[in-house]
Each structure stands twice: as structure tokens, then as C-alpha cells.
Amino acid sequence: MTDNWKHVCAVSKLSDGEPLGIKLGEQRIALYKVDDDIFATDDVCSHAFALLSTGFLEAHVIECPLHGGMFDVRDGKCRAGGYKDIRAFPVEIRDGEVFVRMDVPEVAS
Amino acid sequence: MVTREENELLCRVTGDAPMGKMLRQHYWLPAVLSVRVRKGEAPVRVKLFGRNFVAFRGGNGEVGFLDEACPHRGASLALARVDDCALTCLFHGWRISARGEVLDVPNEPNNPKEFAKTVKVKSYPVREGAGLIWVWLGEGTAPPPPDFEWMDLPPDQVYAAGIELNANWLQGVEATIDSSHVALLHQSWTTSSATDFAATRQNTAVSYEFDRKSYGFRAAALRSAADGSCLARVTEFVMPYYGLIAPIYSGPQQDRTVIIAVPIDDENLIQWYIYYNAEKPVDSWRRTQRANQWPMAGGMPGDKNNNWGQNRQIMDAGNSTGFYEIVIEDFVVMVSMGPIVDRSQEYLCSADQAIVRVRRQLLEEVRGFINGKPPKSGQGEGMSYKDIRAVGGRLASASEDWRQIPR
């Protein structure tokens, strides 16, 4: 079985409330630290290509800085703006390092 | 994009508008050029936040700033006689000092001296610096004036110029924080690639990084070049209306520009420019073109009906905008949006993040103010501005830290 877990970075690179944008090969993902939990989603907003990692994180919701789209970082669902949902990736912490499972299918149009 | 309601909250500054109250109460502002207010000469009318004031200079050199309307029956003190350091209203000879005391009420028959003491006069504390008269329009005890590094420079190292424009103050603020227009709107002026300003052409697609500060934020506009190097221009946004622009060249001893957008009323602003050099005299050639001009650059060359004087013939010859002066390009696009642009109708791109952050901070502060909290960035004890300076530099790569660029 292919291991689709990819190592991203050290947990210490993340700070509470500040999203971090990372490129894994061609894939852009955003990481979020909310209290003691780490979440990961697509970094590119489903609306007009802005990077969600440049947006504003409040509790579990990331707000895109440009047109007000809001997404729940736990499941990728669009909470405001009526845009297509984004993907949320499962996250595991192994020895202080963040691993993300990338084999989540694209969201159906 | 903001809602209509948020747009109103950001833009409206006259009457009881909360933004106006917050700005007047917690921040000093530059009101008028020092050279316009001459010893013993006619008081100068100044309009700010929709209110009318007069500025005058007594024979002793001291500046006074009062409501334009005489406290008696509202006659204009722009007509008053000026002495050390008081205004005598033409109408009934009431004499009002720069400190707001009524010194003489010559038409009062009963106890004029005691009567004079009961008259309430609004006078406003002033501070001169960088060729401007700064004023505080709040109620109660004034916070200390901001101690920016240019405030006490000698005249050969700093000068100011300004222009009144038919646009809301926030359009003026946004003009200073938006780096992505530099290589596009101002492309006629970026042909010599020796300057960092011209090097903005290397990549018109800007990416931003931000550092939040007690006074506002630093916005680093980063442009990668084909060789992997990176041009960084770091603008300082200082609440509520200052943009400190990265110098044209990197390194020490640079001439620097500060732009301050001050509200005249809801549909008009003064765009102030302060040019300074912290270490040596400023460029004298540019100074003779601009210094102490009112309005700056000769003013707006026209109005909407003639497209503000846009010359299409020079555009056919290769000029990109049809305007002769770089600052006029900024003024024209700002005014062409209309006196109060409706931000609920805009559609932003990723280069607009700095503008997004300015609005968020202003909204956060004014909403707190409405709920009784003074703004966190307000001028008060402990808020110091003397170390704030816009910088720029060429980094070897995008992964080098722009925060290391020396001041």
C-alpha cells in the first residue's frame, strides 16, 4: 500500500492563529494551529485563487483575505460566500513533526 | 471587499460619525503649512472633519488654532485683527487668546472681566514640525504629539507640500499602502533600472508579507527577478493615515517620503507629502519644484470633464498615462473613483492584501471605540514613533529575511 502520508514541517514552526502556507511539490497546502490541534487544507481558495494562508484565522474558520470566503479548517466546508468546498487533509503528529495524508479526492463540482 | 455599512463606518468622519470622533480624540494631524500662517497677517481658514477653524501667528511667532466662529455670535475670525498672540473679532472687539481665554469684552457693561471668564472657547494645542502646523482636535487632555524622526529636523533636511483633492480620506490612505500600482501606473518614470523604484518593473506581480506593530503594520512588497534575487520595498502603515514609502535607492542617507491623508470632510481630503533626509540636506532640485507649494505641483490640471487634463497625444508618443507629473497620476486615479468609492462593489486580487489589512485595522479600532475602548494604536503615553522608517533593499533570494534590512 502506498504511504500517502507526507512529512511537512516541525510542529514548532506553527503558531496559534497564524496560518502557514507550504508547497509540497506542486501542491499548495495551508496548515493551521488552533489551541493544541493542527489542521490542513488546500491553500488555494476555491473562488479566485487567493492563498488562504494569507487570510485571517478565527477559531476553526479561515477567512480568505480578498472576497470574504470562509472555510472550516476541520472539514474544508465553505461557511460563507457560497463557494465550492476545499479539501481538508488528515493530520498526524509523529515525534514533533507534522504529517499530512494527501490522498483526499478532489471535491466534486 | 467590505459591506456598505462597513464602508460608511470607515469613510464618514463629519458630525457624530464614530470614525471622526476616534480620529480627533486619539491622533494629532497636520493641518496647514507653516509658511501660510505668517506673523500678524490674516488668519488662515482651515477645514478639517467638516469643521471650520482659523490658524494664526501672533507677532511673537506663536501659533493659535481656534474655531472659525467667534464664540459670541459666530462672526468669522478670519476677519479678526491679529496681535500677540490673540485675535480681536471685528464685530464687537472680543479678544480671544491662542490659549482660548477671552481677554477683553469691550461691549459688556456689567462686570466685563468676570463675564469674560465665563465664556467657553475651544482652542486646540498645536505643534510645529517638518514645515507643518500639527493640531489635536480632541476634548480634554491632549496626548503628546507624535515623535516621528522628521519632526525636529532643520529646514534644509525636511519640507512639506500638500494638495486638496475631491476624494474621501480613505482613498488617500489606500494610495500610499498599495505597492502594486508602482510599476504599472508610474511606468513612465521607471525606465532607468538603477533605482530600486524602477526595479519594481522586474516583476509587476507583487507578493506581500506583513508584520503587525503597535502603531500599525509593516508591509513588505516582494518582487522576484529572473535571476532569483528579490526586491523588497517595505512600507510602514502608521495608524490612522500615514504611509511611509520606501526610498528610491536602498542604503543609508536616503531622501524619504511620507504621505498623510487628512479629512477635510466626507468627500475631500488633504494629501500631505513630507520629504525628509534624516542624515543630510534633502535633494535641492526637487525641493525648488515642490517646497511649500499650495497646492502641490500646481494643483489638479482640470476636472472630470476634460479627464483631469489627460493628454492623449503624448500617450501616442509613448507616455503611459498622459500626465506630466508622477504625483498627478496618483491624484487622478484616486479622484476618478468618485468622492466616496463604494467598496462593496470592488473585486480585489492578491496584491490588494495591504489595503485589506488597513481596513481591517481601522474597523477593529473603530468598533472597539464605539464600545468604549480607546484604539490600541492611539497616540498616548508610551507610543513612540521615532524608530519608524520605511526601508528597501535587494535580497539575494526570496528566502532572505526582509526584516534584516537595516534602517
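Residues numbered from 1 in each chain as written. Chains lettered and ligands numbered in written order. Predicted model: local features only at pLDDT ≥ 70, side-chain atom pairs only at ≥ 80, totals over all residues.

Draft legend 1. Seen up close, the overall build of chain A. Helix and strand counts for chain A come out as zero helices and eleven strands. Listed by position from the N terminus, the elements making up chain A come as β-β-β-β-β-β-β-β-β-β-β. Against the globule reference of 13 Å for 109 residues, chain A gives a C-alpha radius of gyration of 13 Å, in line with a compact fold. Its C-alpha atoms put chain A at 35 × 30 × 20 Å along the principal axes. Per-residue burial over chain A gives 30% buried out of 109 residues. (Helix = DSSP H or I, 4+ residues; strand = E, 2+ residues; numbered from the N terminus. Rg over C-alpha atoms; globule rule 2.2 N^0.38 Å. Buried ≥ 20, exposed ≤ 12 C-beta atoms within 10 Å, placed from the backbone.)

Draft legend 2. Representation of the domain arrangement of chain B in the model. Residue and element names in this part refer to chain B. Partitioning chain B into domains gives domain 1 (29-135) and domain 2 (155-404). Of note, the centres of domain 1 and domain 2, computed from C-alpha atoms alone, are 34 Å apart. Taken together, the contact between domain 1 and domain 2 spans twelve residues of the former and 15 residues of the latter. The dominant element in the side of domain 1 that touches domain 2, judged by the number of residues it contributes, is strand β1 (residues 29-33), at three residues. (Domains from an automatic or database assignment. Contact = placed C-beta atoms within 7 Å.)

Draft legend 3. Structural detail: the interface of chain B and chain A. Each partner contributes to the interface: chain B provides seven residues, whereas chain A provides six residues. For the side of chain B that touches chain A, the class distribution of residues is four nonpolar, two polar and one charged. (Nonpolar A, V, L, I, M, F, W, Y, C, P; charged D, E, K, R; others polar.)

Draft legend 4. Region of the structure containing the sheet that holds strand β9 (residues 126-129) of chain B. All names here are of chain B. A sheet is described by the order of its strands in space; here three strands give the open sequence β1-β10-β9, paired in antiparallel fashion. Lying at the two open borders of the sheet, with one neighbouring strand each, are β1 and β9. In this sheet, adjacent strand axes meet at a mean angle of 35° when their direction is disregarded. Across four bridges, the pairing between β9 and strand β10 (residues 132-135) is antiparallel. Counted as the bridge partner of E128 is I133 from β10. (Pairing = 2+ DSSP bridges. Axes fitted to C-alpha atoms, helices over the stretch in contact; angles between N-to-C directions.)

Draft legend 5. Quick look at the pairing of strand β12 (residues 207-213) of chain B. Here β12(B) runs beside strand β13 (residues 216-224) of chain B; their pairing, made up of seven bridges, is antiparallel. Bridging from a neighbouring strand, B:R212 pairs with B:F217 of β13(B).

Draft legend 6. Quick peek at the packing of helix α2 (residues 18-26) of chain B against helix α9 (residues 353-370) of chain B. Residue and element names in this part refer to chain B. Running from amino to carboxyl end, α2 crosses α9 at an angle of 90°, the nearest separation of the two axes being 10 Å. Considering their axes alone, α2 and α9 lie roughly perpendicular with respect to each other. Every residue of α9 that contacts α2 at P18, M19 and M22 is listed here: E365, V366, F369 and I370. Its residues placed into classes, the contact of α2 with α9 shows six nonpolar, no polar and one charged. (Parallel < 35°, antiparallel > 145°, perpendicular 65-115°, else oblique.)

Draft legend 7. Inspection of the pairing of strand β16 (residues 256-265) of chain B at higher detail. All names here are of chain B. When you tally the buried positions in β16, you get eight out of ten residues, the bulk of the element. Alignment of β16 against strand β17 (residues 268-276), held across nine bridges, turns out to be antiparallel. Considered in β17, the bridge of I259 is made with Y273.

Draft legend 8. Region of the structure containing the nonpolar core. Ranked by size, the top nonpolar core spans 108 residues in total, and within it B:A31, B:A55, B:I133, B:V135 and B:V262 carry the most contacts. Both domain 1 (29-135) and domain 2 (155-404) of chain B contribute no fewer than three residues apiece to this core. Excluding residues within four positions of it along the chain, B:V262 makes contact with B:L29, B:P30, B:L48, B:W169, B:Y241, B:L269, B:I270 and B:W272. If you look at the next biggest cluster of nonpolar residues, it comprises 22 residues, including A:F39, A:L52, A:L57 and A:C64. (Core = buried A, V, L, I, M, F, W, Y, C linked by C-beta atoms within 7 Å.)

Draft legend 9. Highlighting the sheet that holds strand β7 (residues 70-72) of chain A. Residue and element names in this part refer to chain A. In spatial order, the strands read β5-β6-β7-β8; together these four strands make up an open sheet with antiparallel pairing. Looking along the sheet, the strands with just one partner apiece sit at the ends: β5 (56-58) and β8 (78-80). Mean inter-strand twist for the sheet, computed between neighbouring axes without regard to direction, equals 30°. The pairing of strand β6 (residues 61-63) with β7 spans three bridges and is classified as antiparallel. Its bridge partner lying in β7, E63 is registered against M70.

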